[in-house]
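What follows is the residue order along each chain.
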Amino acid sequence: MRAAIVTEKATPARLGSFAEPQPGPGERLIHVLAGSIGPTDLMRANGFFGPMPYPYIPGGEGVGRLDSGERVYFGHSVSPFGALAERTIVPQAEIWPLPDDIDDGLAIALGISGTGALLPLEEAHIQPGESVLVLGATGALGQIGLQLARLLGAGRVTGAARNAAALARLTAHGTAEATVQLGTGDDLAALKAEAGPGYNVVLDCIYGPPAEAAIRATAPGARIMSIGIQAGPTVTLSLRDLVFRSHIGVGTGQRPAAERRAAFERLLAYGQSERIKVDITSYGLNEAETAWTAQAQSPHAKVIIRP
Ligand SMILES: NC(=O)c1ccc[n+]([C@@H]2O[C@H](COP(=O)([O-])OP(=O)(O)OC[C@H]3O[C@@H](n4cnc5c(N)ncnc54)[C@H](OP(=O)(O)O)[C@@H]3O)[C@@H](O)[C@H]2O)c1
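Residues numbered from 1 in each chain as written. Predicted model: local features only at pLDDT ≥ 70, side-chain atom pairs only at ≥ 80, totals over all residues.

## Observations concerning the overall build of the chain
Put simply, the test is: Where helices and strands are cited, they refer to DSSP runs of H or I of at least four residues and of E of at least two residues respectively, numbered from the N terminus. The quantity called the radius of gyration is restricted to C-alpha atoms. Its globule counterpart is 2.2 Å times the number of residues to the power 0.38. Any residue with 12 or fewer other C-beta atoms within 10 Å of its own C-beta is exposed, any with 20 or more is buried, and the rest are partly exposed; the C-beta atoms used are placed from the backbone.
Within the chain one finds 10 helices and 15 strands. Expected size for 307 residues packed as a compact globule is a radius of gyration near 19 Å; at 19 Å, the chain falls within 12% of this value. Expressed as lengths along the three principal axes of its C-alpha atoms, the size of the chain is roughly 55 × 40 × 35 Å. Residues counted as buried form 48% of the 307 residues belonging to the chain.

As structure tokens, then:
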């Protein structure tokens, strides 16, 4: 079958031919309608999570049809198969029903990115009217996080990232009330200028120096939820920066399938009633390498690939 294949460490996925998947006990064959790549797929290909079984098909999630014709969302495929292919095999627990009125792109965006935004925001227990800052706001997780923060009761919602045009789209679409451009000089001063008396909750998709600055711009009692490391794997803080604050490292992708599925179903309800919007960029399988490069260069959208 046709698939996008990673053949060696730290190289992009490229179109090729791969063996047909044969489902084993507890697994189902999926006819893929759309698969996606995200930052975690690139980290995996680069060996961040350990050795990979090269050659393999990347793509940790997608939308497809079962042999019965039923359209479903699917998560982690059985290695070495993945979502960037005509077909894949997926454990039954990672296959979740989809309503007809959620399109493929939004369904995928509400999976890894959506649950990655919802769970930390729920666990931050946003109080009505609190101020929420999203670091990495122009990405898929950040765009959803801004909208969810408001649905969960936040008052002022501020988005921060580097790209000025992508930040401008957030305010133009009403996704964020205010934005902060990072990386232009003094991130702390820029974040404080929009912080009022201090951010109460930070959804941090990037960590590193911008997270240090953001923590210093929070109010006492703030909850800082860090879920990604796009801007660096470490922060250096004094106790004074942290006192009366909670800084929590959040993992969502590693949680049991039942917990992720329940979060996905809460998001589908928001997606249907509140029409959560996420920018989607679509490619064909023959454009897999282009899509991979786009993801590496910060696409400001959920990247999906249609076989
Ligand atoms: N732990 C988990 O279970 C889990 C689950 C889901 C996601 N995640 C992580 O969450 C993060 C966000 O995911 P995503 O899908 O939204 O990724 P994405 O679409 O690639 O977005 C990344 C965001 O970070 C910004 N950014 C990238 N590098 C930056 C830098 N050096 N300084 C400042 N901002 C930077 C980008 O915007 P600009 O280019 O405008 O700066 C963009 O807003 C990823 O790290 C992902 O691995 C973790």
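## Remarks on the domain arrangement of the chain
Formally: An automatic or database domain assignment supplies the start and end points of every domain. Contact between two residues is assigned when their C-beta atoms, built from the backbone, lie within 7 Å. Residues are grouped as follows: Ala, Val, Leu, Ile, Met, Phe, Trp, Tyr, Cys and Pro are nonpolar; Asp, Glu, Lys and Arg are charged; all remaining types, including Gly, are polar.
Here the chain is partitioned into domain 1 (2-110 + 276-306) and domain 2 (114-249). When each unit is reduced to the centre of its C-alpha atoms, the spacing between domain 1 and domain 2 is 28 Å. Each side of the interface is counted separately: domain 1 has 11 residues, and domain 2 has 11 residues. Of the residues in the side of domain 1 that touches domain 2, the class split is six nonpolar, three polar and two charged.

## Overview of the packing of helix 3 (residues 112-123) against helix 4 (residues 140-151)
Basically, it comes down to this: Angles run from 0 to 180 degrees between N-to-C directions of axes, and those axes are lines fitted to C-alpha atoms, restricted for helices to the stretch in contact. Throughout this description, any angle smaller than 35 degrees is read as roughly parallel, any larger than 145 degrees as roughly antiparallel, any in the 65 to 115 degree range as roughly perpendicular, and the remainder as oblique. Should the near helix be turned anticlockwise from the far one by less than a right angle, the crossing is left-handed, and should it be turned clockwise, the crossing is right-handed.
Between helix 3 and helix 4, the least distance of the axes is 8 Å, while the angle of their chain directions is 40 degrees. As summarised for this structure, helix 3 and helix 4 are arranged oblique, according to the angle between their axes. By crossing handedness, the relation of helix 3 to helix 4 is classed as right-handed. Taken together, the residues of helix 4 that come into contact with helix 3 (itself represented by S113, G114, G116, A117, L118 and L121) are A140, L141, I144, G145, L148 and A149. Each residue belonging to the contact of helix 3 with helix 4 can be placed in one class, and the counts come to eight nonpolar, four polar and no charged.

## What to know about the sheet that holds strand 12 (residues 218-226)
Heads up, the condition is: Note on pairing: DSSP must find at least two bridges between two strands before they are called paired.
Read across the open sheet, the six strands follow the order 10-9-8-11-12-13; overall the sheet is parallel. Each edge of the sheet is formed by a strand with only one pairing partner; in this case those strands are strand 10 (178-181) and strand 13 (246-249). For this sheet the average axis-to-axis angle between neighbouring strands, irrespective of direction, equals 15 degrees. Pairing of strand 12 with strand 13 involves four bridges; the strand directions are parallel. Across the sheet, S226 pairs through a bridge with G249, a residue of strand 13.

## Examining the pairing of strand 9 (residues 157-161)
Heads up, the condition is: With strands facing away from the observer, any crossover in which the path from the first strand over the helix to the second runs clockwise is taken as right-handed.
A large share of strand 9 lies buried, amounting to five of its five residues. Of the two faces of strand 9, the one holding V157, G159 and A161 and the one holding T158 and A160 are both buried throughout. One ladder, built from four bridges, connects strand 8 (residues 132-135) with strand 9; its direction is parallel. Its bridge partner being in strand 9, V134 is matched across the sheet by G159. Following the chain from strand 8 across helix 4 to the adjacent parallel strand 9, one finds a crossover that is right-handed. Taken together, the four bridges between strand 9 and strand 10 define a ladder with parallel strand orientation.

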